[in-house]
Amino acid sequence: MGPTVRQASLILLAALVPASLTAAFHPRRPVWSQETLAPGEEMLPTVLAWGANALWVDARTADEYETEHVPGAISLNLENWDQLFPKFLDAWTREKKVVVYCSAATCELSREVAERLRKSGISSVYVLKGGWEAWKNRK
Amino acid sequence: MISRLHFPELPRLVKLGRIFGRMVLGLLFVLAGATKAFDPGAFAVEIQRYHLIPWIPGALSSVYLPWLEILAGALLFVKRFEQGALLLVTCLLFVFTFALASATFRGLGIDCGCFGKVFTATGTVVPLIRNILLLAFTGFLWLGYP
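Just so you know, these numbers come straight off a predicted model, no measurement behind them.

A. View of the nonpolar core. By size, the foremost hydrophobic cluster in this structure holds 33 residues, and its most contacted members are Ile11(A), Leu71(B), Ala72(B), Ala85(B), Leu88(B) and Val89(B). Listing elements by their share of this core, those giving two or more residues are α1 (3-25) of chain A together with α2 (10-38), α4 (55-75), α5 (82-105) and α6 (125-142) of chain B. Ranked by residue count, the leading element in this core is α5(B), at nine residues. If near-sequence neighbours (up to four positions away) are discounted, Leu71(B) is found in contact with Ile11(A), Ala14(A) and Ala15(A).

Structure representation (structure tokens):
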């Protein structure tokens with residue numbers, strides 16, 4: 001084994017020590033049992049960290065939107081797409097990350113709206129994992 | 001020979017360039033590792049966004065890779081370990097470049113996550129170009145060894 005590989009192996013081994021301590025004691029260590037995210041999905045803490053860079057889109061029905069919605073969210077559903085999409089465009093800028101949500105994790109509306117937005121040329125479109133329920137249950 | 005005839009200072013300049021290059025590369029890796037080691041949970045999510053490996057290997061990488069970057073970057077300054085550290089830095093750059101290229105070509109629309117939460121909204125194209133340049137630079141550094 002050449003000296004270069006031997007040195008590299010030693011460094012690889014040495015990194016295991018702080019990594020093990022991190023895994024065991026770091027206050028921000030990863031949650032080992034965390035559910036995986038589907039492509040294009042995003043978790044609420046991440047979206048909240050985006051702050052004003054996030055543009056919330058409510059994919060539920062107009063009635064549900066009227067009852068309650070994420071502050072600042074825009075209503076955009078497939079039923080009234082033609083009327084609502086221009087309003088979405090008024091609020092959207094290229095720098096914004098679009099976060100679509102519907103009622104719960106099992107709901108497919110947000111995925112359908114997100115897909116249509118992507119096909120309309122909107123970049124950075126995400127689906128909120130857990131939907132409105134995740135928002136309501138936030139700590 | 002020709003270079004010595006026309007530019008007698010060239011070998012010294014090249015040597016200085018390599019020392020300076022190792023310092024820049026080392027500092028970049030220490031900085032990148034430190035920002036991720038500060039919040040490994042967030043880094044695990046960043047890894048997940050690439051959709052290249054399952055959650056558990058990604059979470060394990062999120063606690064290991066930052067420290068490997070810090071150690072490899074720091075040991076670029078230590079004569080006894082500099083070649084081994086450069087080998088690891090080169091390998092890590094290959095892995096990161098592959099991940100960035102893959103995310104770019106799949107149109108994932110994600111951030112690099114290369115410096116934790118310090119630099120956001122980076123996309124993947126600019127970091128990909130930066131990594132390719134850094135890889136070319138490691139080639140220049142490797143030329144300095146027998």
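B. Quick peek at unusual backbone geometry. With a phi close to 50°, Ser124(A) is a non-glycine residue in the positive phi region. Among the secondary structure elements, Ser124(A) is positioned in the loop between α5 (109-119) and β5 (125-128). A positive phi is found at His51(B), a non-glycine position, where the angle reads about 50°. Along the polypeptide, His51(B) turns up in the loop between α3 (40-49) and α4. Residue classification places His51(B) among the partly exposed residues on the basis of 18 C-beta atoms within 10 Å.

C. How the structure looks around the sheet that holds strand β4 (residues 97-101) of chain A. All names here are of chain A. Taken together, the five strands give an open sheet; going across it, the order is β1-β5-β4-β2-β3, and neighbouring strands pair in parallel fashion. Where the open sheet ends on each side, the last strands, each with one partner, are β1 (41-42) and β3 (74-75). Along the sheet face, α5 touches β2 (54-58), β4 and β5 and points at about 175° away from the line of β5.

D. Highlighting the environment of Thr4(A). As for its position among the elements, Thr4(A) is in helix α1. Residue classification places Thr4(A) among the partly exposed positions, given that 17 C-beta atoms sit within 10 Å. Apart from residues lying up to four places away in sequence, Thr4(A) is in contact with Gln83(B), Gly84(B) and Leu87(B).

E. Local environment of the interface of chain B and chain A. The interface is formed by 27 residues belonging to chain B together with 26 residues belonging to chain A. Looking at the side of chain B that touches chain A, the elements with two or more residues in it are α3, α4 and α5 of chain B. Broken down by element, the residue count for the side of chain B that touches chain A peaks at 11 residues, all from α4(B). Here the side of chain B that touches chain A is built from residues that sort into 19 nonpolar, seven polar and one charged.

F. Here's a closer look at the confidence of the model for chain B. Mean pLDDT for chain B: 87, with 93% of residues reaching 70 or above. In the predicted complex, the global pTM is 0.66; the interface-specific ipTM is 0.86.

G. Broad picture of the packing of α4(B) against α5(B). Residues and elements named next belong to chain B. Close contact between α4 and α5 brings their axes to 8 Å; oriented N to C, the two are set at 135°. Accordingly, the angle class assigned to the pair α4 and α5 is oblique. Crossing of α4 over α5 shows left-handed handedness. Along its contact with α4, which presents Leu68, Glu69, Ala72 and Leu75, the element α5 presents Glu82, Ala85, Leu88, Val89 and Leu92. Looking at the contact of α4 with α5 residue by residue, the classes come out as seven nonpolar, no polar and two charged.

What counts as what
- Residues numbered from 1 in each chain as written.
- Chains lettered and ligands numbered in written order.
- Predicted model: local features only at pLDDT ≥ 70, side-chain atom pairs only at ≥ 80, totals over all residues.
- Core = buried A, V, L, I, M, F, W, Y, C linked by C-beta atoms within 7 Å.
- Buried ≥ 20, exposed ≤ 12 C-beta atoms within 10 Å, placed from the backbone.
- Helix = DSSP H or I, 4+ residues; strand = E, 2+ residues; numbered from the N terminus.
- Contact = placed C-beta atoms within 7 Å.
- Pairing = 2+ DSSP bridges.
- Axes fitted to C-alpha atoms, helices over the stretch in contact; angles between N-to-C directions.
- Nonpolar A, V, L, I, M, F, W, Y, C, P; charged D, E, K, R; others polar.
- pLDDT = per-residue confidence, 0-100.
- Parallel < 35°, antiparallel > 145°, perpendicular 65-115°, else oblique.
- Left-handed = near helix turned anticlockwise from the far one by under 90°.

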